[in-house]
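A structural walkthrough
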Amino acid sequence: MEIPPPPYWTASLVWYWTSCCRVSMSLNAVGQEITDAFNINTQQVTAGAVSVTQPIYLGGKLRALYKTAKLASDVSNIKYEKEKEDLLISVEEAYWRVLSVRHKQRLAEKYVKLLQQLDSDVNAMVEVEFATRSDQLKVSVKLNEARMSLAKANSGLSLSRML
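The shown structure was predicted, so the numbers you read here are calculated from the model rather than taken from an experiment. (Residues numbered from 1 in each chain as written. Predicted model: local features only at pLDDT ≥ 70, side-chain atom pairs only at ≥ 80, totals over all residues. Heavy atoms only, no water.)

To continue, consider the nonpolar core. Formed by Ala 108, Val 112, Leu 115, Leu 143, Ala 146 and Leu 150, the largest nonpolar core amounts to six residues. Looking at this core, the elements that each hand over two or more residues are α2 (61-127) and α3 (133-162). Look past the residues within four positions of Leu 150 in its chain and what remains in contact with it is Gln 105, Ala 108, Glu 109 and Val 112. (Core = buried A, V, L, I, M, F, W, Y, C linked by side-chain atoms within 4.5 Å. Buried < 20%, exposed > 50% of the residue type's maximum accessible area, 1.4 Å probe, protein only. Helix = DSSP H or I, 4+ residues; strand = E, 2+ residues; numbered from the N terminus. Contact = heavy atoms within 4.5 Å.)

Below you can see the structure in the form of structure tokens.
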């Protein structure tokens, strides 16, 4: 018994099969090259990203925020100027208060000296019976009042210098 030769269609099938395998193998090789190209060596890779965004239009929010910030800055400057002016006014008031109390103190000192002179004159007049004891006591009371106002002026001067 002889083996009959394979039919014609089997030879073409074998040829088709081998050519498909070759094409498939070449396509597989190309696919493997593409896959290898996308593989990354992660041992020496550094990655970074920078993102900048700027809104194009926010319905006027940016302009409103800018105006609000400008107004807040203006208010701050006005408050600063007001506090500066208040400080200058308080310093000037303190200066004039010290000056005024100093003049009152000098006036009180002169008044005490005047009343001391008057008291000594009235005492001499009482000795010669030219003035009464009542006149002497009136001058003594006025002298004590003047000394008290001098003490107040001294205290006021020291207090006004503290402020």
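Back to the write-up after that little detour.
What follows concerns the environment of Arg 133. For Arg 133, the location among the structural elements is in helix α3. Only 2.7 Å separates the side chain of Arg 133 from the side chain of Gln 136, close enough to count as a polar contact. (Polar contact = N/O pair within 3.5 Å; in protein donor to acceptor, adjacent residues only side chain to side chain.)

Here we take up the pattern of salt bridges. Taken as a whole and judged by the stated rule, the model has two salt bridges. Here Asp 86 ties to Lys 82 by a salt bridge, and the two come within 2.9 Å at their closest N and O atoms. Taken together, the positions of Asp 86 and Lys 82, both in helix α2 and four residues apart, correspond to about one turn of that helix. Here Glu 145 makes a salt bridge to Lys 142, at a shortest N to O gap of 3.9 Å. Of the two residues, Glu 145 and Lys 142 both sit in helix α3, three residues apart, roughly one turn of that helix. Overall, the relative accessible area of 41% leaves Glu 145 in the partly exposed class. (Salt bridge = Lys/Arg side-chain N within 4 Å of Asp/Glu carboxyl O.)

Treat this as a map of the structure, not an account of what it does.
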